[in-house]
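Analysis of the macromolecular model
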Amino acid sequence: NSFAVSEEGYPDIGQVCRLYRELKGLKPINLAHELGMTDVAVRGMESKRTGLDSMALRRRLASLLAIPPALMGLDALHSDVSAWWIKEGFPPFIAGPDGYPNPGQVVKYYREQKKQQNSSWTQAGLGIALNISDVAVRCMENSNESLDSISRRRALVFILGISPTLLGLDSQHYIPEIKIDQLTQKSAALWHPQKVSISRFSTS
């Protein structure tokens, strides 16, 4: 099937959901019942991608409709492997309930790695880059707040140079506009948080 390509570089997720729902022989009302939402919400999801910035919802849809995770921008390689990140040489992050590292801990680790190179990468500095408060960054790092958002996770991958798979995102087809190795350069002028734009990660 030929899907439109979304601004995030993946097939239009609403079209993907509609096709796989139809392949399952389900009507919007049937899927709505499975998801605990209204059929109007399902139609909005398919036509306007409403609600599809949610990591949890994408995973639920991938499971219910047998959608290949990569079509949803999700990692497909590690969900059934215990503590795979340690085996792959990443730090020993605490495991989250989804079989991936605790995302707040991952974010904090990578921000602090950048802070060693450039002292401006405090919680307030990351807040500037994300256009949120330092309190919101603290809640994100300590309590995983706002990390169900796919666009937030993609922004963090881009800004902090995090391996996408650590945040449950597809890495096989992920092509950042700026190479990951550039994200680790020590140029304060280039990577000062005030100079990082995340407008391309915004969702409507």
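Residues numbered from 1 in each chain as written. Predicted model: local features only at pLDDT ≥ 70, side-chain atom pairs only at ≥ 80, totals over all residues. Heavy atoms only, no water.

Focus on the overall build of the chain
Along its length, the chain carries 11 helices and 0 strands. When the helices and strands of the chain are placed in sequence order, the string is α-α-α-α-α-α-α-α-α-α-α. Looking at the chain residue by residue over its 204 residues, the buried ones come to 44%. When the accessible surface of the chain is split by element, carbon and sulfur atoms take 51% of a total near 10,400 Å². (Helix = DSSP H or I, 4+ residues; strand = E, 2+ residues; numbered from the N terminus. Buried < 20%, exposed > 50% of the residue type's maximum accessible area, 1.4 Å probe, protein only. Areas by Shrake-Rupley, 256 points an atom, 1.4 Å probe, with all protein chains shown as cover.)

Remarks on the side chain of Glu-141
Mapped onto the elements of the fold, Glu-141 is located in helix 8 (residues 134–143). In terms of polar contacts, Glu-141 uses its side chain to reach the side chain of Gln-123, at 2.9 Å. (Polar contact = N/O pair within 3.5 Å; in protein donor to acceptor, adjacent residues only side chain to side chain.)

Comments concerning the environment of Leu-147
Residue placement: Leu-147 occurs in the loop between helix 8 and helix 9 (150–160). Given the relative accessible area of 2%, Leu-147 is considered buried. Taking C-alpha positions, Leu-147 is 8.9 Å from Ser-54, a pair spaced 93 residues apart along the chain. In this view, Leu-147 contacts Pro-103, Gly-104, Met-140, Arg-152, Arg-153 and Leu-156; residues no more than four positions away in its chain are not counted. (Contact = heavy atoms within 4.5 Å.)

Description of the confidence of the model for the chain
When the pLDDT values of the chain are averaged, the result is 83; 83% of them are 70 or greater. Ignoring residues within four places in sequence, the model shows residues 176–204, a span with pLDDT below 50, making 48 contacts including any to other chains. (pLDDT = per-residue confidence, 0-100.)

What about the nonpolar core?
With 44 residues, the main nonpolar core has Leu-61, Met-72, Leu-126, Leu-156, Ile-159, Leu-160 and Ile-162 as its most contacted residues. When sequence neighbours within four positions are dropped, the list of residues in contact with Met-72 reads Ile-13, Val-16, Cys-17, Arg-58, Leu-61, Ala-62 and Ile-67. (Core = buried A, V, L, I, M, F, W, Y, C linked by side-chain atoms within 4.5 Å.)

Considering helix 2 (residues 28–35)
Among the residues making up helix 2, those that are buried are Pro-28, Leu-31, Ala-32 and Leu-35. Summarising the axial view, the buried residues of helix 2 lie within an arc of 105°, below the 170-degree limit, and thus occupy one face. At its buried positions, helix 2 is contacted by helix 1 (13–23), helix 3 (39–48) and helix 4 (55–65). Phi for Gly-36, located one or two positions after helix 2, is positive at around 75°. (Arc of directions from axis to C-beta.)

Some points on the pattern of salt bridges
Applying the stated criterion across every chain, the model contains 7 salt bridges. Between Asp-12 and Arg-49 there is a salt bridge; the shortest N-O distance is 3.0 Å. Remark: Arg-49 occurs in the loop between helix 3 and helix 4 and Asp-12 occurs in the segment before helix 1; sequence separation between them is 37 residues. You can call Asp-12 buried: its relative accessible area is 12%. Classification of Arg-49 by relative accessible area gives partly exposed; the value is 28%. Across the salt bridge formed by Asp-134 and Arg-138, the nearest N and O atoms sit 3.6 Å from each other. Of this pair, Asp-134 and Arg-138 both sit in helix 8, 4 residues apart, which is roughly one turn of the helix. For Arg-138, a relative accessible area of 34% puts it in the partly exposed group. (Salt bridge = Lys/Arg side-chain N within 4 Å of Asp/Glu carboxyl O.)

Digging into the packing of helix 6 (residues 103–117) against helix 9
At their nearest, the axes of helix 6 and helix 9 sit 10 Å apart, and the two run at 25° to each other. By the angle between their directions, the pair helix 6 and helix 9 is classed as roughly parallel. Here helix 6 and helix 9 pass one another in a crossing that is left-handed. Facing helix 6, whose interface residues are Pro-103, Val-107, Tyr-110, Arg-111 and Lys-114, helix 9 presents Arg-153, Leu-156, Ile-159 and Leu-160. A class-by-class count of the residues in the contact of helix 6 with helix 9 yields 6 nonpolar, no polar and 3 charged. (Axes fitted to C-alpha atoms, helices over the stretch in contact; angles between N-to-C directions. Parallel < 35°, antiparallel > 145°, perpendicular 65-115°, else oblique. Left-handed = near helix turned anticlockwise from the far one by under 90°. Nonpolar A, V, L, I, M, F, W, Y, C, P; charged D, E, K, R; others polar.)

Quick word on the packing of aromatic side chains
Counted under the stated rule, the structure contains 4 aromatic pairs. Judged by centre distance (5.6 Å) and plane angle (85°), the rings of Trp-84 and Trp-85 are edge-to-face. When sorted by exposure, Trp-84 lands in the same class as Trp-85, which is buried. By the ring-pair criterion, three or more aromatic residues cluster together here, those being Trp-84, Trp-85 and Tyr-100. (Phe/Tyr/Trp six-rings, centres within 6.5 Å; stacked < 30°, edge-to-face > 60°.)

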